[in-house]
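# Coordinate analysis (summary)
Spelled out from the first residue to the last, the chains are:
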Amino acid sequence: MDFFIPYGNFPRPLVALAGNPNTGKSTIFNALTGLKQHTGNWTGKTVTLAQGSFFYNNIKFCIVDLPGTYSLLANSPEEEVARNFILLQKPDVIVVITDATCLERNLNLVLQVMEITDRIIVCVNLIDEAKKKGIFVDESILSKELGVPVILTAARTGLGLQELKEMIFKVYSGKIKPSPQRINYGKEVEKAIAELIPFIENKFSGTINPRWAALSIISGDYSIKDLEELVKKSENNREESTHGLFKRYNCGENIRKSPVHSTKGSKI
Amino acid sequence: MEKIYEKAQCIAQKAVRYDKFQEDIDKKIDLLLTSKATGILSMLLLLSVIFWLTLVGANYPSQLLAKILFVIEGYLERFLHQIGLPGVVNDFLVDGMYRTMAWVVSVMLPPLAIFFPLFTFLEELGYLPRIAFNLDYFFKKAGTQGKQALAMSMGFGCNAVGVTCCRIINSPRERMIAILTNSFVPCNGRFPTLMLLAYLFIGGIMPNLGRMLASLAVAGLVVFGILITLLVSKLLSSTFLKGLPSSFILELPPYRVPHIGHIIIRSIYERTLLVLGRAIAVAAPAGGIIWLLANIKFENQNLLANAAALLDPLGRLAGLDGYILLAFIAGSPANEIVLPILLMGYLAQGTMVSPDELTGLKELLESYGWTTLTAINTMLFSLLHFPCATTLWTIKSETGGARWAVFAAVLTTSLAFLVCFLTSSLYRLFSWIIKL
Amino acid sequence: MIDMRVTTLDKLPIGKTGKIVSILHKGLTRRRLLDLGFVPGTLITAYFSSFTGDPVAYRIRGTTIALRREDASKILINIEENL
């Protein structure tokens, strides 16, 4: 049941920084907190989280630098820590730091985080690097497409950091309400999600985002301990129809493949 | 998953505008650092330059620090005398604890304060993954993978950190091998010792090019350590930890010009002071204990000499001597204090020379029977011997069992003896042939 | 005339670009690759190789990823050649 034990109690309001490795996440963290930070080993896991704080409008925001990850499907201890932190601590604001020079890959994580929470700000960092390489990011289009606020920064020169703090404050205080554009996974998957959600809600009663849990099961990620238990239980308990449900949807590969790619012109 | 990417691509295409694609600079640097002609060469050159800079840069501040600390020693002695401490206690505090500590600070701080920023610079630049990329082929042959090289690079700073860094390796088997072999990379606790010995004994061959020769020797030693790592990895992956190499997927991040202020804060504040603090915390009590051992007489000989005499036959076999082995054993809490303990053991009066007498150091060692061979063997032993206590503790907690820590200690130490025995046997053989 | 042929990623010459058709890896390696953007339909360029010729660095979605030849051989791609 260690899934339900949060990693200690963090002061509120709590801001989490997520992002791919090498996006300058820690530079932003350092720029926001200065030297007011300490690192700690949180319960059970040996991955370290750096914690610090900054003031805006006389509110002390606690800010946590999550380990750099490519996704939130727990493939590694870092990803598990990042995922569990977001799911369990339910930070008041999550800032996803992205690298302007390879935004496309970085958006993958953004879209995943958007599945879990509404309170998200996308920070496109390293715009100075991108400019040098002739890459320009249009924040208003990006913001419109994603449905969440977008801030452009160059952490090294301090560009955009004030705006980032302001946006964190606005999202926290509810002045701005992000409305993430969720992905429609296609008929089949959406049907599966809809069928799974009642079971998950029944079992976890509000402790976890049911849509996310359903997606996890479908993509075969059982790293959330109790999900695995739930699946096992249903396997033993044949009378329940859950078993059939899981069976059908969890060999995810077929489902994941079918609605999406059509191999054009190629013959294998 | 694919759906998410489809959307990401769609959004990115709308929001991102590419004017002209300019990643030629990155590619050119990468070709220079990884191509057939220049890949290995640039890696070795970089290594030697770092050592050279550290050696040259550390020389003057080291002497200055030693002078300052020596002056403070005089004040401290007078102060302790004035408050009426008995002579023995005074000697224990000043000659035992203070001198060992002063030695560690003056010999270690300057090289650390130069090496760590240089290393952090490479790290922030994005060079380290290229090392893994370059060396993956060799590690694959040894049954592991290039990420081991990343953990090894971190080992230059501190082997305990290097062992922790092995977490980036996904395969448990390859991770275990990387953990067990990490101490074959000389950490910062051992660098000052290696550099000093290389400078005195190998650099001494050609006084004009002394520093250059010494840095090449240390770089050569590091390469030897890498070869040993590969060899032992191969050995482990074909015996205790059998298995096929897994996959190797590594992102090579774009090069980034590091932020100088950030480097200095990170390397000095988070690394140098941390490592130095630990060394001092260990050096002071260890210095005190060694002073006691050196001054308590047992059958007309001090305890230190007794212990050294016991270890002497074993040491001689490996081209070392009893005092050297004793210093390595006593230095197991932190490798920084090996040399000061050794010197304290050699000096009959039971106190260390003060660290500003570096020039006289070579004569002192030679008067205790040191030759170039002894120096080389001591360097090899330092490179290969059992990991320090902190590293062993980290191995235990990372592998979840004391037996792997014990295994690591036995494996490395027996290898250290074997290599030292071989070099001294070869040396003896050659000198015997030359005599004929 | 445009000729399309399906081959494996390790056969992609340095400097050439192909389009990912399918990933034959299973389990963790497959997920790792998906995370890094190795998704069918994506363009991938062989960028440069290490001095031993293996691994090779590939350019994909604005990032550089190094793969071993045997791992690349389990990724099917399309090469478009202008004849």
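Because the structure is predicted, anything quoted here is derived from the model rather than measured.

### Some thoughts on the overall build of chain C
When helices and strands are counted, chain C shows two helices and six strands. In chain C, the succession of helices and strands from N to C terminus is β-β-α-β-β-β-α-β. Nonlocal contacts in chain C, meaning residues at least 24 apart in sequence, comprise 61% of its contacts between residues at least 6 apart. Entry remark: accessible area of chain C is about 3,200 Å², with carbon and sulfur atoms responsible for 53%.

### Concerning the environment of B:Gly210
Residue and element names in this part refer to chain B. As for its placement among the helices and strands, Gly 210 is situated in helix 10 (residues 210-238). Gly 210 gets classed as buried once you look at its relative accessible area, which sits at 4%. Along the primary structure Gly 210 and Leu 200 are separated by 10 residues, whereas in three dimensions their C-alpha atoms are 8.4 Å apart. Each residue touching Gly 210, except ones within four places of it in the same chain, is listed here: Tyr 199 and Gly 203.

### Considering empty space enclosed by the protein
Scanning the model with the defined rule gives eight cavities of 30 Å³ or more in all. Empty space within the second largest cavity amounts to approximately 120 Å³. Lining the second largest cavity are 16 residues, and of these A:Lys133, B:Asp26, B:Pro254, C:Arg59 and C:Thr64 lie nearest its centre. Contributions of two or more residues to the lining of the second largest cavity are made by helix 2 (24-34) of chain B together with strand 5 (63-67) of chain C.

### What about the nonpolar core?
Nonpolar side chains in soluble globular proteins tend to end up buried together. B:Phe51, B:Trp103, B:Phe115, B:Phe156, B:Leu361, B:Leu365 and B:Trp370 are the most contacted members of the largest nonpolar core, which totals 115 residues. Excluding its chain neighbours within four sequence positions, the residues that come into contact with B:Phe115 are B:Ile50, B:Phe51, B:Thr54, B:Phe156, B:Asn188 and B:Phe191.

### Remarks on the pairing of strand 6 (residues 120-125) of chain A
All names here are of chain A. A large share of strand 6 lies buried, amounting to six of its six residues. On strand 6, burial covers both faces: Ile 120, Val 122 and Val 124 on one face and Ile 121, Cys 123 and Asn 125 on the other are all buried. Examined bridge by bridge, strand 5 (residues 93-99) and strand 6 share six bridges and lie parallel to one another. Bridge pairing in strand 6 links Ile 94 to Ile 120. Handedness of the strand 5-helix 3 (residues 103-116)-strand 6 crossover: right-handed. The pairing of strand 6 with strand 8 (residues 150-152) spans three bridges and is parallel. When the sheet's bridge partners are listed, Cys 123 is paired in strand 8 with Ile 151.

### Quick look at the packing of aromatic side chains
Using the criterion set out here, one finds 18 aromatic pairs over all chains in the structure. On the basis of an interplanar angle of 85° and a centroid distance of 5.7 Å, the ring pair of B:Phe133 and C:Phe48 is categorised as edge-to-face. Here B:Phe133, found in helix 5 (residues 128-141), pairs with C:Phe48, found in strand 3 (residues 43-49), and the two come from separate chains. No difference in accessibility class separates B:Phe133 from C:Phe48, as the two residues are buried. Taken together, a centroid distance of 5.0 Å and an interplanar angle of 50° make the contact between B:Phe328 and B:Phe381 tilted. Note that B:Phe328 is positioned in helix 13 (residues 322-330) and B:Phe381 in helix 16 (residues 372-384), a separation of 53 residues in sequence. Under the relative-accessibility criterion, B:Phe381 is labelled buried at 2%. Among the aromatic residues, those joined into a ring-pair cluster are B:Phe51, B:Phe115, B:Phe116, B:Phe119, B:Phe156 and B:Phe191. The positively charged end of B:Lys362 is found above the aromatic ring belonging to B:Phe201, 5.7 Å away from the centroid.

### A few points about a nonpolar patch on the surface
All names here are of chain B. On the surface, a nonpolar cluster with roughly 910 Å² of combined accessible area is contributed by Leu 45, Val 49, Trp 52, Leu 53, Val 56, Ile 205, Met 206, Leu 209, Met 212 and Leu 216. Looking at the nonpolar patch, the elements with two or more residues in it are helix 3 (39-82) and helix 10. Relative to the helices and strands, Leu 45 is located in helix 3.

### Considering the side chain of C:Thr8
Along the chain, C:Thr8 falls in strand 1 (residues 2-8). Within the local environment of C:Thr8, its side chain forms a polar contact with the side chain of C:Asp10, the two groups lying 2.6 Å apart.

### Observations concerning helix 1 (residues 25-33) of chain A
Residue and element names in this part refer to chain A. Those residues of helix 1 that sit buried are Lys 25, Ile 28, Phe 29, Leu 32 and Thr 33. One side of helix 1 holds all its buried residues, which, seen down the axis, span an arc of 115°. Just downstream of helix 1 lies Gly 34, where phi reads positive at about 70°.

### Some words on the interface of chain C and chain B
With 30 residues of chain C at the contact, the number on the chain B side is 31 residues. Surface buried jointly by chain C and chain B totals about 2,800 Å² across both partners, of which 59% is contributed by carbon and sulfur atoms. One can count three salt bridges joining chain C with chain B. One salt bridge connects C:Arg68 with B:Asp136, and the closest N-O pair in it is separated by 2.8 Å. Linking chain C with chain B are seven residue pairs in polar contact (both at pLDDT 80 or more), by the criterion used here. Within the residue set of the side of chain C that touches chain B, elements represented by two or more residues are helix 1 (27-35), strand 3, strand 4 (56-60), strand 5 and helix 2 (69-72) of chain C. Top contributing element to the side of chain C that touches chain B by residue count: helix 1 of chain C, with six residues.

### Things to note about the pairing of strand 1 (residues 14-19) of chain A
All names here are of chain A. Burial analysis of strand 1 places six of its six residues in the buried class, the great majority of the element. The pairing of strand 1 with strand 4 (residues 59-65) spans four bridges and is classified as parallel. Across the sheet, residue Ala 16 finds its bridge partner in strand 4, namely Val 64. Bridge analysis of strand 1 against strand 5 gives five bridges, and the strand direction is parallel. Within strand 5, the position partnered with Ala 16 by the bridge is Ile 94.

### Concerning the pattern of salt bridges
This model, assessed by the stated rule, comprises 15 salt bridges over all chains. Salt-bridge contacts for B:Glu251 lead to A:Arg105; the nearest nitrogen and oxygen are separated by 3.0 Å. Taken together, the residues span two chains, with B:Glu251 in strand 2 (residues 249-251) and A:Arg105 in helix 3. Between C:Arg32 and C:Asp35 there is a salt bridge; the shortest N-O distance is 3.7 Å. Taken together, the residues span about one helical turn, with C:Arg32 and C:Asp35 both in helix 1 at a distance of three residues. Residue class for C:Arg32 comes out buried when judged on its relative accessible area of 14%. Looking at C:Asp35, the relative accessible area reads 1%, which means it is buried. One salt-bridge network, held together by shared partners, links A:Glu79, C:Arg32 and C:Asp35.

### Some words on the packing of helix 13 of chain B against helix 14 (residues 338-346) of chain B
All names here are of chain B. As a packed pair, helix 13 and helix 14 sit with axes 8 Å apart at the nearest point and diverge in direction by 135°. What the angle tells us is that helix 13 and helix 14 run oblique. The way helix 13 lies across helix 14 gives a crossing that is right-handed. Between helix 13 and helix 14, the residues in contact are Tyr 323, Ile 324, Ala 327, Phe 328 and Ala 330 and Val 338, Ile 341, Leu 342, Gly 345 and Tyr 346, respectively. Class assignment for the residues of the contact of helix 13 with helix 14 results in nine nonpolar, one polar and no charged.

### Digging into unusual backbone geometry
In this model, A:Arg12 is joined to A:Pro13 through a cis peptide bond whose omega is -10°. Tracing the backbone shows A:Pro13 in the segment before strand 1. C:Pro55 follows C:Asp54 through a cis peptide bond whose omega is 0°. The residue C:Pro55 is located in the loop between strand 3 and strand 4 in this model. With phi around 65°, A:Asn58 is a residue other than glycine that occupies positive phi space. Structurally, the position occupied by A:Asn58 is in the loop between strand 3 (48-56) and strand 4.

Cut-offs applied
- Residues numbered from 1 in each chain as written.
- Chains lettered and ligands numbered in written order.
- Predicted model: local features only at pLDDT ≥ 70, side-chain atom pairs only at ≥ 80, totals over all residues.
- Heavy atoms only, no water.
- Helix = DSSP H or I, 4+ residues; strand = E, 2+ residues; numbered from the N terminus.
- Contact = heavy atoms within 4.5 Å.
- Areas by Shrake-Rupley, 256 points an atom, 1.4 Å probe, with all protein chains shown as cover.
- Buried < 20%, exposed > 50% of the residue type's maximum accessible area, 1.4 Å probe, protein only.
- 1 Å grid on protein atoms, 1.4 Å probe; cavity = no way out; pocket = protein on both sides within 12 Å on 5 of 7 lines; lining within 4 Å.
- Points joined across faces, edges and corners; volume = space filled by probe spheres on them.
- Core = buried A, V, L, I, M, F, W, Y, C linked by side-chain atoms within 4.5 Å.
- Pairing = 2+ DSSP bridges.
- Right-handed = clockwise from strand over helix to strand, strands pointing away.
- Phe/Tyr/Trp six-rings, centres within 6.5 Å; stacked < 30°, edge-to-face > 60°.
- Lys NZ or Arg CZ within 6 Å of the ring centre and 35° of its normal.
- Patch = residues over 30% accessible without salt bridge, like charges linked within 9 Å, V, L, I, M, F, W, Y side chains within 5 Å.
- Salt bridge = Lys/Arg side-chain N within 4 Å of Asp/Glu carboxyl O.
- Polar contact = N/O pair within 3.5 Å; in protein donor to acceptor, adjacent residues only side chain to side chain.
- Arc of directions from axis to C-beta.
- Buried area = accessible area lost by both parts, 1.4 Å probe.
- Axes fitted to C-alpha atoms, helices over the stretch in contact; angles between N-to-C directions.
- Parallel < 35°, antiparallel > 145°, perpendicular 65-115°, else oblique.
- Left-handed = near helix turned anticlockwise from the far one by under 90°.
- Nonpolar A, V, L, I, M, F, W, Y, C, P; charged D, E, K, R; others polar.

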